[in-house]
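Here is how the chains run, residue by residue.
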Amino acid sequence: LAPGAPHPPAVRAVTSVVVARAEAAGAHPVASEHELAVLQQVEDKTLENIRNFRGFGGAQAYPSRTKDLPEVDFSTGSVGMGAAATIFASLTETYLRAHGLPPKPWPGTSEAPSRPGRMISIVGDAELDEGVCMEALLESWKLKVENSWCIVDYNRQSLDMNLHERMVRVHERLFRLAEWEVVTLKYGKRLMKAFDQPGGKQLHQWLNNVTNAEFSALIFRSGSAWREAMLRDSPSPAFAELVGRHTDEALHALMTDLGGHCAETLLEAFEFAAQTEKRTVFIAYTIKGHGLPLAGHRDNHGLFLAPQQFNKLRTKLGLTEANEWAPFSGLADPSAVRALCEAAPIHRNVPTRNHGLAERIAIPIDLGGLAAAPTSTQAAFGAVLKAIAHTDCTFADRLVSACPDVTTTTGLSAFVNKRGVFGSEESKDPFKSAKAHSLSNWSRRPSGQHIELGIAENNLAQLLSALGLSAPLFGHRLFPIGTLYDPFISRALDTLTFGAYQDSRFMLVGTPSGVTLSPEGGAHQSFNTPVMMMAMPNLRGYEPAFADEVQVVMRDGFERMQLPADEGGGSVYLRLSTRVLTQPDRELLRDCELHAHVLAGGYWHVPPDARTTTALVFAGALAPEAIEAQRLRGPATALLQITSYDALASEWQRAGTRSHVHTLLSGLPRKARLVTVLDGNATALSWLGSVHGHRTIALGVQAFGQSGDLVDVYCAHRIDTQAMLEACEEA
């Protein structure tokens, strides 16, 4: 009722109907307290969490899958996320069912969903300005998403101001263009009845013509303000008589009877839309702060009720301090609402809707795909996926790849050619049908395991997040793999953050990366992703240099995606390159110690001894330059490769002297110096000197790049062999 304060769990029957029929739901951030209140009564979960709303350990300010009880289905808080989350959750269930994996019974029950679930989001009208909404809307059309509802709280107010006039027409057209069913609920039953009375036509016309700003101001002013404005604008005798039949209070109640506040209107709309599986948007006109003293005020986003106003409201709702937290208090027919809630599927003997980790899928020890020939980490990634695609096992069947229109240039082609593109209907590849030569096979089928997206990185992150929640939401583990050009992770960072925040499990592959992609110029050369990924909880980042490292970190990543969070479970990020390197002569899978060090974050190529004066530390594609610099420097220079600056830093902060990086650097003489270098921001490695207090010179990409050959670009950014030698001399 008032932002920032806990409130009695008042519930309306219409909201219970929505929750009862939904497989999963995501609420607009500002509606989180209402969602929790409804769930408290439907599920009968811990009331103390709601009483401690916004308190430490209590119900969160915005819905959180990992922190809230009562349970919520999707974390929200960044506007626009809920609408996109439910679209891609619907697609995830469709994908699972097409692969013979219908949702399992809710934990502790034998009751499995008898039909596809309906994913419902509740969003604010101003949220539709968010690009993530428009990107997801377009993708819903391309991917033919079904069973998704979007309920728009259309109060015509953004955070600071009123929406532009006739904005609703733009929103309706956008949804219709994406082939959504559009149900506009502007007026409630009382207003609709008034329209049929003498003067009702003028009333309808006046309401359609009044501006958003004026309407909001009249709501706030209330009383005689309505009468003055209406009679001034429409002097018709019949209209004046209609207005005159109402007291100021009754006129205010009539004029605020909008579709989104009329339970009967909403129920009819939901019942109508529930007859089909079509994706549907309900544009429900509402009043921001309806029923409160601040209703309609332009500044109400940051306003609060004073204590006396809150007490007055409590009395108006028929509540007292003694019963304000009791379920169903103050409702006109508590028994009817209670019966409705008790009949809801999620209420009947369902201890939890969360399947948790659901199941553990066996992963082969050797994923295959390795070759002795020179190769790049991106090519190695593709070769491993190709090898998996040709195996006959549950793990291979549970892989699902996704990409924003760069499948062929990020290493996915072989996997897609073998496993196919997912589509609701069979369709042959037009090139293959025309017998035109192509290295790619784009035939679609319901059993396909690749989802091709448009060039919208936010959609990729949203899809990965939804697919990565397949185990807790539906009871079946998928292994989502998403690829994109590494510099464009920045575009998807908000949605990626919320995927990690929800503890979704996926593998994100940023490739190609760095200024190593020299011909493409600064717009396609990433430099900040190492630091961005180090700062992301629930996402372990790796930057391997060699093919065998790619194989072992991929396997570890798939295992990590199945582990509980308190055992290190989470998502995985691989930063890869198209630079072809000569491969080391070794058997990494057989070398248990080296294998463990690669996963822990780093290992010595040339370990330090008492003679060591400098340690050269590198990551990723700069291996040839670092190896050559060490060779030219000789035995006084040790050589350390970092495979995961993220893993090293996280463990060091957590375990200190018991960490892998502390052990790695413990053999380096105290007076020795560190020279760190990577094709990325130097900060990712510059902290290493803090572990034992070694003086450090950090090399990395500190400026936007430009097109050029590799030699010139490396030289310009001072990450070439000569720069390493000069830094070693300076150290």
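Please read all numbers here as calculations on a predicted model, not as lab measurements.

Conventions used here
Residues numbered from 1 in each chain as written. Predicted model: local features only at pLDDT ≥ 70, side-chain atom pairs only at ≥ 80, totals over all residues. Heavy atoms only, no water. Core = buried A, V, L, I, M, F, W, Y, C linked by side-chain atoms within 4.5 Å. Buried < 20%, exposed > 50% of the residue type's maximum accessible area, 1.4 Å probe, protein only. Helix = DSSP H or I, 4+ residues; strand = E, 2+ residues; numbered from the N terminus. Contact = heavy atoms within 4.5 Å. Axes fitted to C-alpha atoms, helices over the stretch in contact; angles between N-to-C directions. Parallel < 35°, antiparallel > 145°, perpendicular 65-115°, else oblique. Left-handed = near helix turned anticlockwise from the far one by under 90°. Nonpolar A, V, L, I, M, F, W, Y, C, P; charged D, E, K, R; others polar. Polar contact = N/O pair within 3.5 Å; in protein donor to acceptor, adjacent residues only side chain to side chain. Arc of directions from axis to C-beta. Phe/Tyr/Trp six-rings, centres within 6.5 Å; stacked < 30°, edge-to-face > 60°. 1 Å grid on protein atoms, 1.4 Å probe; cavity = no way out; pocket = protein on both sides within 12 Å on 5 of 7 lines; lining within 4 Å. Points joined across faces, edges and corners; volume = space filled by probe spheres on them.

Caption draft 1: Spotlight on the nonpolar core. L203, W206, M554 and F558 are the most contacted members of the largest nonpolar core, which has 148 residues in total. The element that contributes the greatest number of residues to this core is helix 4 (residues 81-98), accounting for nine residues. Apart from residues no more than four positions distant in its own chain, L203 is found in contact with L191, A194, F195, M230, F239, L242 and M255. In terms of nonpolar packing, the next biggest core, distinct from the first, is built from 22 residues, A649, L668, L688 and V691 among them.

Caption draft 2: Main features of the packing of helix 4 against helix 5 (residues 131-142). Packing of helix 4 against helix 5 brings their axes to within 8 Å, and their N-to-C directions diverge by 20°. It follows from the interaxial angle that helix 4 and helix 5 lie roughly parallel. Our pair here, helix 4 against helix 5, has a crossing hand that is left-handed. Taken together, the residues of helix 5 that come into contact with helix 4 (itself represented by M81, A83, A84, I87 and F88) are V132, C133, A136, L137, E139 and S140. Residues of the contact of helix 4 with helix 5, tallied by class, amount to nine nonpolar, one polar and one charged.

Caption draft 3: View of the side chain of Q378. Examined against the element boundaries, Q378 turns out to sit in helix 16 (residues 377-389). For Q378, a relative accessible area of 10% puts it in the buried group. Here the side chain of Q378 touches T409 through a polar contact of 3.2 Å, landing on its backbone oxygen. Residue contacts for Q378: discarding those within four places in its chain leaves T409, T410, G411, T511, P512, L576, S577 and T578.

Caption draft 4: Representation of unusual backbone geometry within the structure. In the segment running from T511 into P512, the intervening peptide bond is cis, with an omega of -10°. Relative to the helices and strands, P512 resides in the loop between strand 11 (507-510) and helix 23 (529-534). Of note, the phi angle at R156 is positive, near 65°, even though the residue is not glycine. Counting through the fold element by element, R156 comes out in the loop between strand 3 (148-154) and helix 6 (167-177). Looking at R156, the relative accessible area reads 7%, which means it is buried. Its identity is not glycine, yet E179 carries a phi of approximately 60°, on the positive side. With respect to the helices, strands and loops of the structure, E179 is situated in the loop between helix 6 and strand 4 (181-185). Owing to a relative accessible area of 53%, E179 belongs among the exposed residues under this scheme.

Caption draft 5: Molecular detail of the environment of G454. For G454, the location among the structural elements is in the loop between strand 9 (450-452) and helix 20 (457-467). The class of G454 is buried, set by a relative accessible area of 12%. Setting aside residues up to four positions removed in sequence, G454 forms contacts with E139, K142, P404 and D405.

Caption draft 6: Seen up close, helix 10 (residues 225-233). Listing the buried residues of helix 10 in full gives A225, W226, A229 and M230. The arc that holds every buried residue of helix 10, seen down its axis, measures 115°, which confines them to one face. Contacts from the buried residues of helix 10 go to helix 8 (200-209), helix 9 (212-221), helix 11 (237-244) and helix 12 (248-255).

Caption draft 7: Region of interest: the environment of P293. Checked against the element boundaries, P293 lands in the loop between strand 5 (280-285) and helix 14 (307-316). Judged by its relative accessible area of 41%, P293 falls in the partly exposed class. For P293 and S222, which are 71 residues apart along the polypeptide, the C-alpha to C-alpha distance reads 9.8 Å. The contact partners of P293, leaving out residues within four places of it in the chain, are F220, L305 and Q309.

Caption draft 8: Fine view of the packing of aromatic side chains. Applying the stated rule across the entire model yields 16 aromatic pairs. Seen from their ring centres, Y154 and Y285 are 5.3 Å apart, and the 45° between their planes marks the pair as tilted. Placement of Y154 in strand 3 and of Y285 in strand 5 is noted, with a sequence separation of 131 residues between them. Of the two residues examined, Y154 and Y285, each falls in the buried class. When the centroid spacing of 5.4 Å and the interplanar angle of 75° are considered together, the rings of F175 and W180 count as edge-to-face.

Caption draft 9: Representation of helix 9 in the model. Those residues of helix 9 not exposed but buried are N212, F215, S216, L218 and I219. All buried residues of helix 9 fall inside an arc of 160° around its axis, so they share one side. Buried positions along helix 9 lie against helix 8, helix 10 and helix 12. S222, located one to two residues past helix 9, shows a positive phi value of around 55°.

Caption draft 10: Seen up close, empty space enclosed by the protein. Under the definition given, this model contains nine cavities of 30 Å³ or more. Quantified by volume, the largest cavity comes out at close to 130 Å³. As for the largest cavity, its lining consists of 14 residues, and the residues nearest its centre are R156, R166, V168, N212 and Y285. For the lining of the largest cavity, the secondary structure elements donating two or more residues are helix 6 and helix 8. Residue contributions to the lining of the largest cavity peak at three residues, all from helix 6. Considered as a void within the structure, the second largest cavity measures approximately 90 Å³ in volume. What lines the second largest cavity is a set of 15 residues, among which T377, P544, S577, G620 and A621 lie closest to the centre. Class assignment of the residues belonging to the lining of the second largest cavity gives a composition of five nonpolar, six polar and four charged.

Functional significance is not addressed by these values, which are geometric in nature.
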